[in-house]
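# Summary of structural features
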Amino acid sequence: MSAIVLIPARMAATRLPDKPLADIGGLPMIVRVLRQAELAGVGPVAVAAGDQAIVDAVEAAGGRAVLTDPDLPSGTDRMLAALKVLGAGSDADIVVNVQGDMPFVDPAAIVACAALLNEEPGCDIATTVGRTTTDAERTDPDVVKAILSMRSDKRGQALYFTRAAPYGAGPVWHHFGIYGYRRAALERFCAAPPSPLEKREKLEQLRALEMGMSIWATVLGAAPISVDNPQDLAAARLYAEKHAS
């Protein structure tokens, strides 16, 4: 199936204003995400921007971006809006969502997400997880945990997502915010209102589960670096400095 990768981004972040344009090793963060997504090679890549400044930065770097309504309620809605105005690639069967605050996201994670939709016919939405390694990670409400019914050591079907620490022995899966949607699933999801569990946990993927949609997850390694606050940005800049080619 054909695929397109979309990166939703907007400037109005409470904890780190203007973060898509934050400089990391000489490049705006959104451009770093774009470059990593392009390396995946799964299909065309574009930024679904909520602000003209993001469009300008992406286009200045030779990338593709489209301006969407800044008042859209989520990045998922922003992706669907972008698909309606994009040209080449907008009719793709699979839409992969890469968050705009993952400047060093592994291209292999994007490939794995798209592959899951090709390999599991019953999967509506694909995503990625990794095994937690510390008690702090397991109990942190900012670390979303995926409750999976494992079908192999590398993939499983999602039964629930939670901010709470799961009870009992066994692996605890840290959910990473990379998604792949079948086109029809994305359209159906965006047409539905927020669900009760989604509002309770503040996790929009629970809307899909309450709608009866099937979410599968593929197991990856370490969590990608995500930039949500000034401390994260400092760590990302240090990482870029240490890994400069």
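This brings us to the layout of surface pockets. Considered as a void within the structure, the second largest pocket measures approximately 200 Å³ in volume. The wall of the second largest pocket is formed by 14 residues, among which Val-105, Asp-106, Ala-222, Ala-223 and Pro-224 lie closest to the centre. Residues belonging to the lining of the second largest pocket are distributed by class as follows: 12 nonpolar, one polar and one charged.

This brings us to the environment of His-243. Tracing the chain through its elements places His-243 in the segment after helix H9 (230–242). Spatially, the C-alpha atom of His-243 lies 9.7 Å from that of Gly-25, the residues being 218 residues apart in sequence. Polar contacts involving the side chain of His-243 include one to the main-chain carbonyl oxygen of Tyr-239, which spans 2.9 Å.

Attention now moves to the pattern of salt bridges. According to the stated counting rule, one finds eight salt bridges in the structure shown. Residue Lys-19 pairs with Asp-228 through a salt bridge whose shortest N-O separation is 3.5 Å. Of this pair, Lys-19 sits in the loop between strand E1 (3–9) and strand E2 (23–24) while Asp-228 sits in the loop between strand E11 (215–219) and H9, placing them 209 residues apart in sequence. We note a salt bridge from Arg-155 to Glu-119, for which the minimum N-O separation is 2.5 Å. Of this pair, Arg-155 sits in strand E9 (residues 155–162) while Glu-119 is found in helix H4 (residues 107–119), placing the two residues 36 residues apart along the sequence. Residues participating in the shared-partner salt-bridge network are Lys-19, Asp-101 and Asp-228.

Rules behind the numbers
- Residues numbered from 1 in each chain as written.
- Predicted model: local features only at pLDDT ≥ 70, side-chain atom pairs only at ≥ 80, totals over all residues.
- Heavy atoms only, no water.
- 1 Å grid on protein atoms, 1.4 Å probe; cavity = no way out; pocket = protein on both sides within 12 Å on 5 of 7 lines; lining within 4 Å.
- Points joined across faces, edges and corners; volume = space filled by probe spheres on them.
- Nonpolar A, V, L, I, M, F, W, Y, C, P; charged D, E, K, R; others polar.
- Helix = DSSP H or I, 4+ residues; strand = E, 2+ residues; numbered from the N terminus.
- Polar contact = N/O pair within 3.5 Å; in protein donor to acceptor, adjacent residues only side chain to side chain.
- Salt bridge = Lys/Arg side-chain N within 4 Å of Asp/Glu carboxyl O.

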